[in-house]
Amino acid sequence: MESMLKKEELIDVSLGNLKAELAITNGNVVDVHTGSIYQGGVAVYGKRIACIGDISHTIGSETKVLNAKGNYIIPGLIDAHIHVESSLVGIREFSRVVLPHGTTSIVIDPHEIVNVLGATGIRLFLEEREGTPLRVFPLIPSLIPAPKYDTFGGSLSREDVESFLDTPNVLGAAEASWADIANKNMEVLTRLDLARARHKVLDGHLAGCSGKELNAAVSFGLGSDHESVYETEMIEKMRTGVHIMMREGSAAKNLLALLEPVKKGIETRNISVCTDDINISDLVYQGHIDHIIRKIIGEGIDPVKAIQMATINTARYFRIDRKLGSIAPGKVADIVIVDNLHNFQAKKVIVDGKIVASEGRLLVEIKPFTYPEYAKRTFRISRVIQASDLMMKCENRKSVKVHAIEAIDGQILTKHVIEELDVKDGYVIPDVSKDILPICVIERHKGTGAIAKAFAKGFGIKSGAIISTVAHDAHNIIVIGADYEDMAEAVNLVANSQGGFGVVKDKKVVGMMELPIAGLMSDENAYVAKQKMDDVIRAAKSIGITFEEPHMTLSFLALIYIPELRLTDKGLYDVKAGRFIDPILGE
């Protein structure tokens, strides 16, 4: 906490009795409070903004003067909802990439690492965040896989939740499922109530939620949603007071559809932007929140509104707007200078009053974080997997109809379709020509030996198999392919490597990205990880896959909270029906 002396000094700088340490002059200041732009500057003292507009009286002989040269001065950008684990690198490597793009704060839900390592996962993230200028605001997971749906590796006790909620800069409870509210899941309700008692936010997960269930979720206190896909559901949620986080990630790209009501003039104060799940390759190639702002502006939206959605709107929702989200006296000096409001390229990035990046180059040292060995030894597979372990048995039938998962490129929604397959020698035979392929989830946390089997389509695999140990939310092993031998080879490959994305063809590894940290993240430099990601995607496309993000799309096929059909280590789950179903239809 800043001392009273510092606050008094800030007053003196504002009045010109004490000189600023940093003065940004000759800029166009984007005022997110009034939605306007004015010519002027920003005077900074310590970590705070002391004065805006005419700051000539704050400049002294020792003031560092940064001439904006007519460029635009905006608040630091905020990602309203992200799972850092999905970037495939840790917090420090993530920050190396996003800080030069103008991202100065992120709100994270660490439930991926929690579902593998439990409370230890959050502690590791809290420790890691201390080594970077990037502001990392955790939410405490409420969406924990239930044992009847998934087998998972970690969990949080009530004591853990209370302790973390009392930790500085923990903002609330993360993406609670509307179904848990409607079904009065007491473990989840209690966890949410612990956050509410501390006057913290309750983030929502409202995929497929409408009508009376939506009203129930909001009446309990869920305040936001990042799962909207269509304009109609977005508007329905906003009418209940829900704060909408428009998502544009690697696998889920919902931004353009959700901009339609914005184009029609809907009020935007209750709208933010987020990436949710974005991989390291996209971050390096495209950027982060700056990329989303460019897309919004490219759709003809007022640039100031776009910036508001990435700054003040988010800060207000999370109740951190007294410090962050705008260029105003007393606010923390997280500032970005961009070239113009169309190209939107960050020229300078300032955090806590210090320049941390310039012209796309990081200027501060961020030391690598060393994860402990136990975080890299999380696989407990009881035996070597054989091809026959992955095949679906069916006696006394010549053909069967099966419930199949249809994956959709650019979405994490799936379709529930019925397909017909032949039976030969007591096994259901996939049909590669029709793109109906075997998919399996193999339990990897407890050594139970459980293997769930089903069929999926949409991937277009002609030969070989792809595999991922990122498999939301429990992060068991998920594999799909055109050949059972290749699928088994892939399972054994990632188990021996303690995690990864893999591609196998003719029982040979043609692509591999090791993810040894909890089976979720690389322990390498962000740019090395990015290259490996590119290589494994290229390998996946070499076996026929046309999806832009094949492994990330595969990883979501185990997520039982998103319609319509999913596969966990416990079996095939019909999300709409709310129950497990037999993959094979009865006669």
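Residues numbered from 1 in each chain as written. Predicted model: local features only at pLDDT ≥ 70, side-chain atom pairs only at ≥ 80, totals over all residues. Heavy atoms only, no water.

Draft legend 1. Region of interest: the overall build of the chain. Per the secondary structure count, the chain includes 17 helices and 29 strands. Relative to the compact-globule value of 25 Å for 587 residues, the chain shows a C-alpha radius of gyration of 25 Å, a close match. Expressed as lengths along the three principal axes of its C-alpha atoms, the size of the chain is roughly 90 × 50 × 45 Å. A buried classification covers 63% of the 587 residues belonging to the chain. A separation threshold of at least 6 residues defines the contact pool for the chain, and within that pool the share at least 24 residues apart is 70%. When the accessible surface of the chain is summed, it comes to about 21800 Å², and 48% of that surface belongs to carbon and sulfur atoms. (Helix = DSSP H or I, 4+ residues; strand = E, 2+ residues; numbered from the N terminus. Rg over C-alpha atoms; globule rule 2.2 N^0.38 Å. Buried < 20%, exposed > 50% of the residue type's maximum accessible area, 1.4 Å probe, protein only. Contact = heavy atoms within 4.5 Å. Areas by Shrake-Rupley, 256 points an atom, 1.4 Å probe, with all protein chains shown as cover.)

Draft legend 2. Layout of the packing of aromatic side chains. A complete count under the given rule lists six aromatic pairs for this structure. Judged by centre distance (5.4 Å) and plane angle (75 degrees), the ring pair of Tyr149 and Tyr573 falls under edge-to-face. Taken together, the residues Tyr149 in the loop between β8 (135–141) and α5 (158–165) and Tyr573 in strand β28 (residues 571–574) connect sequence positions 424 residues apart. For Tyr573, a relative accessible area of 6% puts it in the buried group. (Phe/Tyr/Trp six-rings, centres within 6.5 Å; stacked < 30°, edge-to-face > 60°.)

Draft legend 3. Representation of the pairing of strand β1 (residues 22–31) within the structure. Of all 10 residues in β1, nine are buried, a share of seventy percent or more. In terms of strand pairing, β1 meets strand β4 (residues 64–67) through four bridges, oriented parallel. Following the sheet pairing, Ile24 is matched in β4 by Leu66. For β1 and strand β2 (residues 36–45), the ladder comprises eight bridges, and the chain directions are antiparallel. Its bridge partner being in β2, Ala23 is matched across the sheet by Ala43. (Pairing = 2+ DSSP bridges.)

Draft legend 4. Expanded view of helix α12 (residues 289–298). Across the 10 residues that make up α12, a large majority, seven, are buried. Of the residues trailing α12, Gly300 is marked for its positive phi of about 90 degrees.

Draft legend 5. Quick peek at the pairing of strand β23 (residues 465–468). Neither face of β23 is open: one carries Ala465 and Ile467, the other Ile466 and Ser468, and all of them are buried. Alignment of β23 against strand β24 (residues 477–481), held across four bridges, turns out to be antiparallel. Each residue of the ladder has a partner; that of Ala465, found in β24, is Gly481. Note that β23 and strand β25 (residues 500–505) share four bridges and pair antiparallel. For Ser468, the partnering residue across the bridge sits in β25 and is Phe501.

Draft legend 6. Summary view of the sheet that holds strand β26 (residues 508–514). The nine strands lie next to each other as β20-β19-β18-β22-β21-β24-β23-β25-β26, forming an open sheet whose pairing is mixed. Every other strand in the sheet has two partners, leaving β20 (427–428) and β26 as the edge strands with one partner each. In this fold helix α15 (residues 484–496) packs onto β20, β21 (437–442), β22 (451–457), β23, β24, β25 and β26, with an angle of close to 155 degrees to the strand it touches most, β24. (Axes fitted to C-alpha atoms, helices over the stretch in contact; angles between N-to-C directions.)

Draft legend 7. Region of interest: the environment of Thr25. Tracing the chain through its elements places Thr25 in strand β1. A relative accessible area of 14% places Thr25 in the buried class. Linking Thr25 and Gln39, residues 14 residues apart in sequence, is a C-alpha distance of 9.2 Å. What Thr25 contacts, discounting residues up to four positions off in sequence, is Gly40, Gly41, Ile55, Ile59, Val65, Leu66, Asn67, Ala68 and Lys69.

Draft legend 8. View of the pattern of salt bridges. A complete count under the given rule lists 30 salt bridges for this structure. A salt bridge links Asp225 to Lys237; the shortest N-O distance between them is 2.8 Å. Residue Asp225 is found in strand β11 (residues 224–225), and its partner Lys237 is found in helix α9 (residues 231–239); the two are separated by 12 residues along the sequence. Each member of the pair, Asp225 as well as Lys237, carries the same accessibility label: buried. Put simply, Glu359 and Lys347 hold a salt bridge, and the shortest N to O gap is 3.2 Å. Here Glu359 is found in the loop between β16 (354–358) and β17 (361–362), whereas its partner Lys347 is found in strand β15 (residues 346–351), with 12 residues between them in sequence. Where salt bridges share partners, they join Arg158, Glu162, Asp166 and Arg198 into one cluster. (Salt bridge = Lys/Arg side-chain N within 4 Å of Asp/Glu carboxyl O.)

Draft legend 9. Quick look at the side chain of Glu549. Along the chain, Glu549 turns up in the loop between α16 (526–542) and α17 (550–555). An unpaired buried charge is present at Glu549: no salt bridge exists, and Lys253, the closest side chain of opposite charge, is 5.7 Å distant. With residues near it in sequence (within four places) discarded, Glu549 still touches Ser250, Ala251, Asn279, Asp282, Met533 and Ile537. (Lys, Arg positive; Asp, Glu negative; His and termini not counted.)

Draft legend 10. Main features of the sheet that holds strand β13 (residues 271–274). With respect to topology, three strands assemble into an open sheet ordered β11-β12-β13, the strand pairing being parallel. If you trace the sheet from one side to the other, it starts and ends with β11 and β13, each paired once. Pairing analysis gives four bridges linking strand β12 (residues 243–247) to β13, with the strands arranged parallel. Residue pairing in the sheet places Met245 in a bridge with Ser272 of β13.

Draft legend 11. Broad picture of the environment of Gln386. Note that Gln386 resides in the loop between β17 and β18 (399–407). Looking at Gln386, the relative accessible area reads 45%, which means it is partly exposed. C-alpha separation for the pair Gln386 and Tyr38, spaced 348 residues apart in sequence, amounts to 67 Å.

Draft legend 12. Examining the domain arrangement of the chain more closely. By domain assignment, the chain separates into domain 1 (4–70), domain 2 (74–369) and domain 3 (374–580). Just the C-alpha atoms count here: the centres of domain 2 and domain 3 sit 28 Å apart. Of the residues lining the interface, 47 residues belong to domain 2; the matching set on domain 3 comes to 46 residues. For the domain 2 and domain 3 pair, buried surface summed over both sides reaches about 3800 Å², with 64% attributable to carbon and sulfur atoms. Here domain 2 is connected to domain 3 by zero salt bridges. (Domains from an automatic or database assignment. Buried area = accessible area lost by both parts, 1.4 Å probe.)

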